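# Commentary on secondary and tertiary structure
Given next are the chains, with one letter for each unit.
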Amino acid sequence: MMKEQESLWISQAIIQVMEKMEWVSEKSKNKIPYTTINGVHDDRSQRDDYADDDGINWWCNGFWGGMMWQMYHKTGEGRYMEIARISEEKLDQCFEDYYGLHHDVGFMYLPTAVADYRLTGNPDSRKRGLHAANLLAGRFNPAGRFIRAWNDIPGSRDDTRGWAIIDCLFNIPLLYWASEETDDPRFKQIAMLHADTVMRHFIRPDGSVCHIVEFDPFTGERIRDYGGQGYEAGSSWTRGQAWGLYGFLMSYRHTGKPEYLDTAKRIAHYFMAAVPDDAIVPVDFRQPEKPAWCDDTAAAIAACGLIEIARQMGEAEKEMYLKAARKLLFALYENHCDFSRKNDCILQKCTGAYHNENHEFPIIYGDYFFIEALLKLEDQDFFLW
Ligand code: GLY
């Protein structure tokens, strides 16, 4: 068994990722996968009813394109660009549908259209990115200074007009990009007002974060928080902690505001202290002992954020964050990766939400962030956020 400290496994893992991407990209080139069914990628681009947000409007539909752009950046092979553009063009249907889009346009268009524009200068991609940024900016609630998360949830009586969620820290980089691109500060101002609200209302004294906070959509007053995809209100959904950790770091990268870096570090310290000795990350740090569901996506996203924090630190501090990131990634590599042809995904134990019916299955953004993190460790990543 290889020792984590030797770090030889990192270059070995990257070789295995590249070998897998070579055949799986060809096999799934016309799909937008989310998970696997009997080992084979499913295809979310097949369902186009706007009311069905599990179909073409599904928030995860940018990650396959993002994986292809990472591979294009790493290898320079044009076929990855061609496959990424298949997703990007399919996502135009979402602009047509309109009703299926919500704050997750950042997750959808940063790894697809904006990545394309940044890497190739494609003018159609720029237009798509700006269109998505305008939709996101239009969700800003000036009374509460937050971006509304979801639309009304079909079949639910919840009033979501005042809901903001921690995950949105990953959508607002679309606004930072739009401001840089147009030289118009409005988008960045909205992003920073939202990030400031999250800093004030989502971060607990111990450095853990809430998933959902509800504000009065008319007065902006904070009403309550919800457990969301974690175990319960007051618990600590690990992917939410990871979105917070990496999300604040991105706001710092785009703005230089020191409070964002401090907040990313606070969440990171909480996260590092809460990770169990075996570095297998649970779905919620405060879930009951049994069932002990885990979530590889949280580990991979947090690892990316820790490496990004390390990039901002001096020599004396950076190794602590890098070591924690390598430990998380090594645990995934040794225990939960499938590089064989038996499954089209790499990570096998991801979980969408604690109370969902299914747990510990492949999820595309687990693979995306695992790849991003490995490439980051070798300084070969493309920063698409
Ligand atoms: N952004 C939704 C999730 O993390 O599941």
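This write-up is about the structure you can find in this document.

About the thresholds
Residue positions are given per chain, counted from 1 along the sequence in the order it is written. Given that the model is predicted, a residue must reach a pLDDT of at least 70 before its local features are reported, and side-chain atom pairs must reach 80 or more before they are shown or counted; all residues, however, enter totals for whole chains, interfaces and linings. Only hydrogens and water are set aside; all other atoms, that is, all heavy atoms of the structure, feed into the side-chain values. Under the scheme applied here, a residue whose accessible area is under 20% of the maximum for its type counts as buried, over 50% as exposed, and between as partly exposed, the area being computed with a 1.4 Å probe on protein chains only. Runs of E in the DSSP output that reach at least two residues are strands. Runs of H or I that reach at least four are helices, and both are numbered from the N terminus. When DSSP finds two or more bridges between a pair of strands, those strands are recorded as paired. Here, a salt bridge means any side-chain nitrogen of Lys or Arg that lies within 4 Å of a carboxyl oxygen of Asp or Glu. Nearness of a residue to a molecule or strand requires only that one of the residue's heavy atoms be within 4 Å of it. Polar contact is defined as a pair of N or O atoms within 3.5 Å, subject to the rule that within protein one atom must be able to donate a hydrogen and the other to accept it, and that residues adjacent in sequence are counted only when both atoms are side-chain atoms. The method behind every accessible area is Shrake-Rupley, applied with a 1.4 Å probe, and residues are considered shielded solely by the protein chains displayed. The nonpolar class holds Ala, Val, Leu, Ile, Met, Phe, Trp, Tyr, Cys and Pro. Asp, Glu, Lys and Arg form the charged class, and all remaining residues, Gly among them, are polar.

### Quick word on the pairing of strand E6 (residues 212-215)
- What you see with E6 is no split at all: Ile212 and Glu214 on one side and Val213 and Phe215 on the other are buried throughout.
- With 3 bridges connecting them, strand E5 (residues 163-165) and E6 associate as antiparallel partners. Of the residues in E6, the one forming a bridge with Ile165 is Ile212.
- Linkage of E6 to strand E7 (residues 222-226), two consecutive antiparallel strands, is achieved through a turn of 6 residues, within which Gly220 is found at a positive phi near 85°.

### Points about the pattern of salt bridges
- Under the counting rule described, the total for this entry stands at 28 salt bridges.
- Across the salt bridge formed by Asp295 and Arg239, the nearest N and O atoms sit 2.9 Å from each other. Residue Asp295 is located in the loop between helix H10 (258-274) and helix H11 (296-312), and its partner Arg239 is located in helix H9 (residues 238-255); the two are separated by 56 residues in the primary sequence.
- By relative accessible area, Asp295 is classed as buried at 0%.

### A closer look at the site of the ligand
- Residues in close proximity to the ligand include Trp59, Asp167, Gln229, Trp237, Arg239, Trp243 and Tyr365, which together make up its full environment.
- Here an oxygen atom of the ligand and a side-chain polar atom of Arg239 are 2.5 Å apart.
- A distance of 2.8 Å separates an oxygen atom of the ligand from a polar side-chain atom of Trp243.
- When isolated, the ligand has an accessible area of 200 Å², and the protein chains bury 94% of it.
- Each residue belonging to the shell around the ligand can be placed in one class, and the counts come to 4 nonpolar, 1 polar and 2 charged.

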